[in-house]
Amino acid sequence: MEPELHPDLKPLEFLVGEWEGAGVGGYPTIESFRFGQHISFTHDGRPFLSYTSRTWLLDEEGGLGRPLAVETGYWRPLPDHEVEVTLTHSTGIVEIYLGNVAFNRVELRTDMVARTATAKEVAAGHRLYGLIGEDLGWAYDMAAMGKPLQSHVSAQLKRVT
Ligand code: HEM
């Protein structure tokens, strides 16, 4: 049975569900690319969302290529429309974000980025998530590899449930 949404999750309710679509990426240090993405936001009645994202390289014809970034974490609403988010990456990086949610739009900035000894150098991140009509749009800027904060990936996804 679908658990009832915890009232604290109301501002984040627009995210709940499964999303699929495509995006573009790049950075001064790498080749630009296109990718496919599947995002899932679920809840179990408690006041947090469980989140996972999987991505794949898209070739010229839009065919699925090798898997790219995967990340998983928790979105925890706070009073006064604030939100804190923990994200763990397969690449040895853990991000803690703080941000705000208003009018079906979330803006997040890293409070800290932790890295294992073998992880690439990532210093900070900024994320925007928002509804574009019925689609979910999101964009990620990062400060990494000694470069200042700038765009790495963005995507537009359709609701699949
Ligand atoms: C939708 C999410 C993402 C996708 C599809 C993606 C994809 C890519 C791709 C294709 C590359 C080029 C190297 C390769 O082929 O593996 C790359 C490089 C990189 N990405 Fe991402 N990425 C995503 C999110 C992130 C996030 C969240 C971070 C940081 C926490 C990150 C940090 C980096 C870094 C540091 C590099 C290396 C740049 C370099 O070697 O110069 N990426 N990413």
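Quick note: structure is the one above.
Residues numbered from 1 in each chain as written. Predicted model: local features only at pLDDT ≥ 70, side-chain atom pairs only at ≥ 80, totals over all residues. Heavy atoms only, no water.

Let's shift gears to the packing of aromatic side chains. Taken as a whole and assessed by the stated rule, the structure comprises 7 aromatic pairs. Between the aromatic rings of Phe 41 and Trp 75, the centroid separation amounts to 5.1 Å while the plane-to-plane angle is 85°, which identifies the pairing as edge-to-face. Taken together, the positions of Phe 41 in strand 2 (residues 30-42) and Trp 75 in strand 4 (residues 64-77) put the pair 34 residues apart, joining distant regions of the chain. Trp 75 shares its class with Phe 41; the two are buried. Taking the centre distance of 5.0 Å and the plane angle of 85° together, the rings of Trp 75 and Tyr 129 count as edge-to-face. Note that Trp 75 is positioned in strand 4 and Tyr 129 in strand 8 (residues 122-132), a separation of 54 residues in sequence. An identical accessibility class is assigned to Trp 75 and Tyr 129; each is buried. (Phe/Tyr/Trp six-rings, centres within 6.5 Å; stacked < 30°, edge-to-face > 60°. Helix = DSSP H or I, 4+ residues; strand = E, 2+ residues; numbered from the N terminus. Buried < 20%, exposed > 50% of the residue type's maximum accessible area, 1.4 Å probe, protein only.)

Now for the site of the ligand. Neighbouring the ligand are 21 residues, the closest being Thr 29, Arg 66, Lys 120, Tyr 140 and His 152. Between the ligand and Arg 66 there is a distance of 2.7 Å, counted from an oxygen atom to a side-chain nitrogen or oxygen. Between the ligand and His 152, the relevant distance is 3.0 Å, taken from a nitrogen atom to a side-chain nitrogen or oxygen of the residue. At the level of elements, strand 2, strand 4, strand 6 (93-102), strand 8, strand 9 (135-144) and strand 10 (150-159) are the ones that each hand at least two residues to the shell around the ligand. (Near = heavy atom within 4 Å. Polar contact = N/O pair within 3.5 Å; in protein donor to acceptor, adjacent residues only side chain to side chain.)

It is worth spelling out the coordination of the iron atom of the ligand at this point. From the protein, the iron atom of the ligand takes a single donor atom, His 152 (NE2), 2.1 Å away. On the secondary structure map, His 152 appears in strand 10. (Donors = N, O, S within 2.8 Å, 3.2 Å for Na, K, Ca; no water.)

Turning next to the environment of Leu 131. On the secondary structure map, Leu 131 appears in strand 8. Leu 131 gets classed as partly exposed once you look at its relative accessible area, which sits at 32%. Remark: the alpha-carbon pair of Leu 131 and Ala 114, spanning 17 residues in sequence, is separated by 30 Å. Aside from chain neighbours lying at most four places away, what touches Leu 131 is Phe 14, Trp 19, Asn 104 and Leu 136. (Contact = heavy atoms within 4.5 Å.)

Note that Asp 80 resides in the loop between strand 4 and strand 5 (82-89). We classify Asp 80 as exposed; its relative accessible area is 72%. Sequence separation of Asp 80 and His 126 is 46 residues, and the distance between their C-alpha atoms is 20 Å.

Attention shifts here to the pattern of salt bridges. Per the counting criterion, the structure on display carries 7 salt bridges. Close ionic contact of Arg 76 with Glu 84 constitutes a salt bridge, the shortest N to O distance being 2.8 Å. With a relative accessible area of 24%, Glu 84 lands in the partly exposed category. Note that Lys 158 is salt-bridged to Asp 135, the shortest N-O span being 3.0 Å. With Lys 158 in strand 10 and Asp 135 in strand 9, this residue pair connects regions lying 23 residues apart in the sequence. Here Asp 135 falls in the buried class, since its relative accessible area comes to 13%. One network of salt bridges, with partners in common, ties together Glu 71, Glu 95 and Arg 127. (Salt bridge = Lys/Arg side-chain N within 4 Å of Asp/Glu carboxyl O.)

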